[in-house]
Structure formats: C-alpha cells, structure tokens
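# Reading the structure
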Protein chains: 2
Amino acid sequence: MATMNDVAREAGVSLSTVSYVLSGKRTISEETRLAVQSAIRKLDYSPHSGARALASNRSNVLGLMAPLRADVNVSVIMQFVAAVVTTARTYNQDVLLLTQDDAGGLERVTSQSMVDGLLMMDIEARDPRIPLLAKLRKPVVLIGLPDDPQGLSCVDFDFAGASRTAVRHLVDLNHRSIGFIGSPQASLERHATYADRARKGFTEACDAAGVSSTLRACEPSMPALTEALTAVLDDDDGAATAVTALVVHNEGLLPLLHEALAVRGLRIPEDISVVVIAPEDVALAATKPWTAVSIPAHDIGRAAVEMVMDRLNSDKPVEVRLIVPTLVQRETTSAR
Amino acid sequence: MATMNDVAREAGVSLSTVSYVLSGKRTISEETRLAVQSAIRKLDYSPHSGARALASNRSNVLGLMAPLRADVNVSVIMQFVAAVVTTARTYNQDVLLLTQDDAGGLERVTSQSMVDGLLMMDIEARDPRIPLLAKLRKPVVLIGLPDDPQGLSCVDFDFAGASRTAVRHLVDLNHRSIGFIGSPQASLERHATYADRARKGFTEACDAAGVSSTLRACEPSMPALTEALTAVLDDDDGAATAVTALVVHNEGLLPLLHEALAVRGLRIPEDISVVVIAPEDVALAATKPWTAVSIPAHDIGRAAVEMVMDRLNSDKPVEVRLIVPTLVQRETTSAR
DNA sequence: CTGTTAGCGCATTCAC
DNA sequence: GTGAATGCGCTAACAG
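Here goes a summary of the coordinates provided. It should be emphasised that the depicted structure is a prediction, and the values quoted were computed from it without experimental measurement.

## Let's talk about the protein's contact with DNA strand C
The environment of DNA strand C is formed by 25 residues, the closest being Thr17(A), Ser29(A), Met4(B), Tyr20(B) and Tyr45(B). Near the protein, within 4 Å, the atoms of DNA strand C are sugar or phosphate in 53% of cases. Thr27(A) is positioned with one of its side-chain polar atoms (N or O) 2.8 Å from a phosphate oxygen of DNA strand C. Interatomic distance of 3.2 Å between a side-chain N/O atom of Ser19(B) and a phosphate oxygen of DNA strand C. Looking at the surface near DNA strand C, the elements that each hand over two or more residues are α2 (15-23) and α4 (49-56) of chain A together with α2 (15-23) and α4 (49-56) of chain B. The element that contributes the greatest number of residues to the surface near DNA strand C is α2(B), accounting for four residues. Residue composition of the surface near DNA strand C, by class: eleven nonpolar, ten polar and four charged.

Below is the structure:
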C-alpha cells in the first residue's frame with residue numbers, strides 16, 4: 001500500500017502539498033496538482049481511513065441503529081436503510097450498522113470515535129435510549145417521534161396527517177362512515193409511535209368531519225383480517241350508517257385484502273372504497289393499484305442523513321421535521 | 001476524551017503497560033493491572049478506533065454488501081444481515097453496510113483499510129464482482145454459490161438438496177405427481193443461483209424417483225398464483241396422474257396459498273400436500289404451520305462471519321460450505 | 001503558492 | 001514484570 005509520503009516523493013512535492021491536493025483546503029497551482037494526481041494514479045494510492053480519522057478527528061462513518069427483527073415492516077425498514085446508505089455516500093460517509101438489541105453499541109461506537117454521528121430508527125414513545133443519546137456529544141437524529149425528544153432532532157412521516165388526508169379524501173367522496181384497519185396489536189403495545197399517531201389522526205379527522213369511525217388492530221394473516229373486517233363492517237353501533245370505506249395502515253394485509261373483501265361479496269371500489277397508508281411501491285404492486293397516502297421512506301432516510309450532516313458541519317439548532325403526506329387517487333376509491 | 005496517556009499517568013505506570021493490560025499480550029502483575037483498570041474506569045477511557053487501526057493495521061470492521069432493493073426476499077435478507085451483525089459482535093467486529101449498487105464500494109473500503117474482510121450477499125451465477133473480489137488481498141466470503149468462485153470461499157444453503165428432501169418426503173407419502181412453484185421469473189433471469197439450484201434439485205429428485213414433475217415460476221400476487229396453480233394442476237400432459245402435492249419456494253406466496261387452493265376447492269393436506277422451502281419463522285407464521293425445509297438464514301450468516309474471521313486470523317485454505325437442509329413435517333402434508 | 005513540522009492515540013520493539 | 005522510544009499515515013498550524 002502506497003502512502004502519502006510515497007506520492008509526495010513520486011511527484012517531487014512535499015507531504016502537505018499532497019494532503020492539500022486531496023482535501024482542496026488551499027489553492028494549488030494547476031501544474032503541481034496534475035503532478036500529484038498522476039502520482040496518485042501511478043501508485044494506486046488511497047488514504048488510510050484510520051490515519052485520517054486519527055489526525056482529523058472525523059471517521060466519515062455514520063452509525064445507524066436499525067430494528068432487524070423479522071417484523072411486519074421489513075420492506076419499509078429496508079427502504080429506510082437503503083436511503084440512508086445511499087444518501088450518506090453523497091456526503092462521502094459510510095454507514096456502520098448496529099442492531100436494536102446491541103444496547104451498548106451506541107456508547108461503544110461513539111466513545112471509540114468510530115462514527116461521526118448517529119441515526120436511530122424505530123423510536124418508541126418513551127424510548128429508553130433517548131436519555132443515553134442525549135448525553136453523547138455526537139450529532140444524533142431520531143427517525144421517529146418520541147413523546148419527549150429531550151433535545152434531540154427528529155424526522156418522521158406525519159402519520160396523523162396521513163390519516164387525516166385519507167379521511168378527508170373519503171369524506172369528499174361522500175363517505176359517512178369509515179373503518180380503520182391498523183398495525184398489529186404488538187406495535188401498539190410497544191408504543192411504536194407511528195401506529196398511535198395514525199390512529200389518533202384518523203379518529204380526529206372523522207370526528208372533525210362528523211362521520212362515524214371504527215378502529216381495529218390486525219395481524220397480517222387471512223383469519224385475522226377476516227375477523228377484523230367482520231368487526232369493522234358488521235359493527236352494530238354504526239348500523240345507522242354502514243361502513244363504506246376503509247383506511248388501511250398495514251402493509252402485510254394488502255396482498256390479502258382484495259380476496260378478503262371479495263369473499264364478503266364486496267367489490268373495490270364499487271361497494272367499498274379503500275385508502276392505504278403504505279410505501280409507494282407496495283401500493284403500486286397490487287393488480288388494482290391502491291389509492292394511497294404513501295410513506296416516503298426514501299425521503300425520510302435522506303432527510304435524516306441531511307440533518308446529521310448539517311449538525312456535523314455547523315451547529316444547527318435542534319429541529320423536528322415532519323414529512324408532509326400526499327394522497328394519490330388510484331383505482332380503489334370512488335364517490336358514492 | 002481520555003487517552004491512554006492519561007490513564008498511564010493516573011495509574012502511575014507507563015503507556016505501554018496500559019496497552020498491554022488492554023491487549024493481554026504480556027503478563028502483568030495483579031497489582032498494576034488493577035491499578036490500570038481502575039484508572040480506566042475513573043477516566044471513562046476507551047481506545048480510539050482510528051489510532052488503533054493505524055497502529056495495528058486492523059479496523060475491527062467487516063464490510064457487508066447486501067441487496068437493499070425491495071425484493072420478494074426482504075425478510076430473508078434481514079435475517080442474514082441480523083445474523084452477520086450479531087455474530088460479528090461476538091468476534092468484536094462491527095459491520096459496515098454497503099449496497100449492491102455501490103460498485104466502487106468494495107474497492108474503496110478495502111483500499112482505505114476501512115474493513116478487515118468482506119461478506120457478499122446475493123451472488124449471481126456469473127457475478128461480475130467476483131473477479132474484482134479475487135484481487136482484493138482481504139479475506140472475502142461469498143454468501144451464495146457462483147458458477148466459478150475463482151478461489152473465493154463460499155457458504156450457502158443447499159437449495160438443490162432442499163428440493164430433493166422435499167420431494168423424497170412427498171414420495172414417501174405416496175405422491176406420484178408433484179408440482180413446483182418457484183421464485184419470480186426475474187430471479188431466474190438474473191441467475192440468482194438459489195432459484196436455479198432449487199429447480200434443478202426438484203427435477204432431478206422427481207426423475208430419480210420416477211414421479212412426474214411440473215415447474216412454474218410465479219410472482220408474489222394472487223392473480224399470478226392463480227394462474228400458476230392452473231398451469232401446474234390442470235396440466236394436460238400429466239393427465240394420467242393428477243398433481244397431488246406441491247413444493248413451494250417463494251415466501252411471498254405463502255400468505256396467499258391457502259386461499260388460492262381453497263378457491264379451487266382443494267383442502268390442505270386432505271386434497272393436496274404442500275411442502276414449502278422458506279425461513280422457519282415464515283413457515284410457522286401461518287395459521288396451519290407449513291411442512292417445511294427451512295432456510296437457516298441465521299446459520300448461514302453466522303457461518304459466513306466465522307469463515308472470514310478464520311481467514312483473518314490464520315490462512316485457512318479456500319472452503320465451500322453448503323448448509324445441509326432438514327425437513328420438519330407439520331400440518332400441510334399427508335399420505336395418500 | 002509551497003514546504004517544514006508537530007502532533008493525533010496506540011502497538012510494539014528494545015532495553016532493563 | 002515494567003518503561004522508553006519509535007513509527008503507523010495523515011492533518012493542519014506555522015513559516016516562508
């Protein structure tokens with residue numbers, strides 16, 4: 001492995017000149033720059049990241065703590081991760097992957113100066129990691145919205161707004177009684193805030209519009225879905241106005257939903273309108289593309305990286321950024 | 001941040017003594033060791049990874065190149081990744097995540113000495129990365145089995161054996177005509193070797209047992225599945241002996257399969273037996289647990305890390321390891 | 001515009 | 001069993 005010294009000798013310049021050619025931190029004459037660059041190519045030189053980290057106090061690595069359990073949302077998680085890695089590269093950063101259950105990992109990678117900053121996925125309402133993170137003296141961005149961010153920056157999709165947008169769309173189409181089929185019970189129990197917020201936004205919007213609402217959690221399986229539909233559609237309380245539209249916030253159910261409604265003799269959208277809250281590609285994967293408020297996993301991941309990098313390079317103030325939802329009408333909603 | 005120097009001063013010993021206490025590479029008296037350790041705790045010292053990498057020529061980081069597209073197999077991929085990260089930690093290594101489409105990433109992280117070794121997922125039959133990897137002078141392990149490993153070590157599940165095991169199970173149950181529903185066409189086209197090998201093993205085993213076989217690729221959607229079932233079950237050629245059993249190698253189809261067969265009036269296992277090739281948890285997630293040859297993603301990930309670490313610490317010879325399949329009979333197969 | 005030099009924090013070779 | 005000294009490869013302050 002060639003070192004910077006070798007390059008300097010080969011190019012007939014000093015060590016620091018090579019360094020400055022690489023970093024661009026001072027002006028170099030065209031001539032010497034070319035000489036250095038050709039020496040670099042000739043020797044196939046590349047800088048040693050450890051040495052650079054030691055001297056510059058920057059590792060060019062971001063830590064990403066991601067939930068790697070085989071949960072319902074794997075595809076969303078993958079999209080986040082992909083977006084984070086891809087965006088990080090545009091800032092010349094690499095990504096070190098930490099798993100959710102590696103509790104000590106955060107402390108370790110920061111105290112050893114392995115990472116310049118941290119991104120945390122899958123934040124819960126009262127996430128126990130937050131107080132730890134708040135002490136770390138490295139930039140941290142939470143992907144998710146806890147009850148109390150304790151001075152940490154956050155970015156997330158506006159799930160409450162997503163539900164409201166979905167409801168307004170349906171209300172505009174004259175639906176007066178709307179059902180909500182949400183994340184599995186487990187998500188609610190561990191207080192994944194996206195689940196809570198989506199539910200809350202739904203209820204609020206229905207109340208505000210004066211339409212009746214019915215909520216149900218649901219596991220991603222056919223029997224669970226069948227049961228949930230029964231509960232929502234055959235609800236006696238709402239007998240006055242039968243449910244004519246659904247908001248579904250559960251990617252795992254989408255492949256099953258058409259079939260489950262067909263079994264009940266319900267056609268989409270003639271008999272029942274459906275809006276899903278899901279990643280774009282999932283919504284489009286169906287034979288009949290879903291009208292959807294899409295979860296822009298890629299945008300969120302990108303925003304998260306931008307936010308850490310901002311805080312690495314300057315000291316921007318704390319920021320909580322909510323990504324605005326947009327609804328795209330496709331083939332699964334219609335007026336009644 | 002405290003440095004080793006600070007610790008040495010605090011403990012009243014020399015720099016090197018601290019270093020040796022940490023590495024254990026020479027014997028230290030109980031007394032001074034305790035002194036050093038308490039100084040470490042008192043100052044909350046932890047070593048600087050960059051400095052360590054510079055001096056020792058080891059980063060304690062493994063690179064993992066993973067396919068982060070929203071493919072059918074996301075859950076399997078997640079399990080691999082989780083296994084790799086978890087196992088790496090037991091070797092005191094962290095994991096740097098590279099995406100499949102970051103072509104230059106491999107070259108970059110190795111030439112900059114960011115990683116001590118590399119793991120590559122999702123290897124294709126004639127993967128263009130292999131010649132590059134073969135030149136890298138760092139330990140590499142492929143998770144997958146290319147046509148020509150070019151001197152690289154590989155580890156993978158024995159997909160051909162998995163199909164054979166499934167077929168033998170069904171043959172033992174007196175099935176004489178078996179259908180295979182496999183990965184999407186796209187997987188075949190990019191020559192993901194798992195798809196090819198599973199198909200091949202299936203055909204061979206059926207031929208060897210003298211039972212008739214029908215194969216079909218299938219996208220993970222209800223219409224595609226319906227069509228595939230029609231093709232396999234209503235195949236005129238096999239009119240002599242109707243298909244009474246299926247081998248399914250496609251996780252995405254499992255939530256749909258029960259329903260799709262029910263629509264045709266087929267009960268599992270009374271009318272048709274089904275063996276799936278899928279991760280354990282996927283096979284168990286169904287209401288009626290699938291008889292399955294399980295894909296031990298965790299074992300494979302662990303083996304891969306073990307293999308790189310072996311080659312980092314000593315120079316073991318090249319090795320190609322195939323993980324042996326095992327079938328667990330559950331509720332979806334029966335004798336006829 | 002360029003060169004000289006002093007660390008960055010640690011591992012390790014000598015010397016005792 | 002311990003300490004002193006050197007160098008890993010690079011950045012950036014200082015000095016022209």
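## Things to note about the protein's contact with DNA strand D
Contacts to DNA strand D come from 28 residues, most closely from Met4(A), Tyr45(A), Thr17(B), Thr27(B) and Thr32(B). If you look at DNA strand D and keep only atoms within 4 Å of the protein, 57% of those are sugar or phosphate atoms. Take Thr27(B): an N or O atom from its side chain is 2.2 Å from a phosphate oxygen of DNA strand D. Counting residues per element, the ones that place at least two in the surface near DNA strand D are α2 and α4 of chain A together with α2 and α4 of chain B. Looking at the surface near DNA strand D, the element that brings in the most residues is α4(A), giving five residues. Among the residues forming the surface near DNA strand D, the class breakdown is twelve nonpolar, twelve polar and four charged.

## Regarding the sheet that holds strand β5 (residues 153-157) of chain A
In spatial order, the strands read β11(A)-β5(A)-β4(A)-β3(A)-β1(A)-β2(A)-β2(B)-β1(B)-β3(B)-β4(B)-β5(B)-β11(B); together these twelve strands make up an open sheet with mixed pairing. The strands lining the two open edges of the sheet, one partner per strand, are β11 (320-323) of chain A together with β11 (320-323) of chain B. Between one strand axis and the next, the sheet turns by 20° as a mean value, whatever way the strands run. Of the strand pairs in this sheet, strand β4 (residues 140-143) of chain A and β5(A) are connected by three bridges, and their pairing is parallel. Each bridged residue has a counterpart across the sheet, and for Leu142(A) the counterpart in β5(A) is Cys154(A). This element, helix α14 (residues 297-313) of chain A, spans β1 (61-66), β3 (117-120), β4, β5 and β11 of chain A of the sheet and lies at about 165° to β5(A).

## A look at empty space enclosed by the protein
If you walk through the whole model with that rule in mind, you get eight cavities of 30 Å³ or more. Space inside the largest cavity adds up to approximately 380 Å³. The wall of the largest cavity is formed by 27 residues, among which Asn73(A), Val76(A), Phe80(A), Asp122(A) and Tyr194(A) lie closest to the centre. Listing elements by their share of the lining of the largest cavity, those giving two or more residues are α5 (74-90) and α10 (193-209) of chain A. Among the residues forming the lining of the largest cavity, the class breakdown is 13 nonpolar, seven polar and seven charged. Built from parts of two domains, the lining of the largest cavity gets at least three residues from each of domain 2 (61-158 + 297-323) and domain 3 (159-295) of chain A. Of the voids in this model, the second largest cavity is the one considered here, and its volume is about 310 Å³. Residue lining of the second largest cavity: 24 residues in total, with Val76(B), Phe80(B), Asp122(B), Phe159(B) and Tyr194(B) positioned closest to the centre. Residue assignment for the lining of the second largest cavity shows that the elements contributing at least two residues are α5 (74-90), β5 (153-157) and α10 (193-209) of chain B. Shared between two domains, the lining of the second largest cavity holds at least three residues of each, these being domain 2 (61-158 + 297-323) and domain 3 (159-295) of chain B.

So, how was this worked out
- Residues numbered from 1 in each chain as written.
- Chains lettered and ligands numbered in written order.
- Predicted model: local features only at pLDDT ≥ 70, side-chain atom pairs only at ≥ 80, totals over all residues.
- Heavy atoms only, no water.
- Near = heavy atom within 4 Å.
- Polar contact = N/O pair within 3.5 Å; in protein donor to acceptor, adjacent residues only side chain to side chain.
- Helix = DSSP H or I, 4+ residues; strand = E, 2+ residues; numbered from the N terminus.
- Nonpolar A, V, L, I, M, F, W, Y, C, P; charged D, E, K, R; others polar.
- Pairing = 2+ DSSP bridges.
- Axes fitted to C-alpha atoms, helices over the stretch in contact; angles between N-to-C directions.
- Contact = heavy atoms within 4.5 Å.
- 1 Å grid on protein atoms, 1.4 Å probe; cavity = no way out; pocket = protein on both sides within 12 Å on 5 of 7 lines; lining within 4 Å.
- Points joined across faces, edges and corners; volume = space filled by probe spheres on them.
- Domains from an automatic or database assignment.

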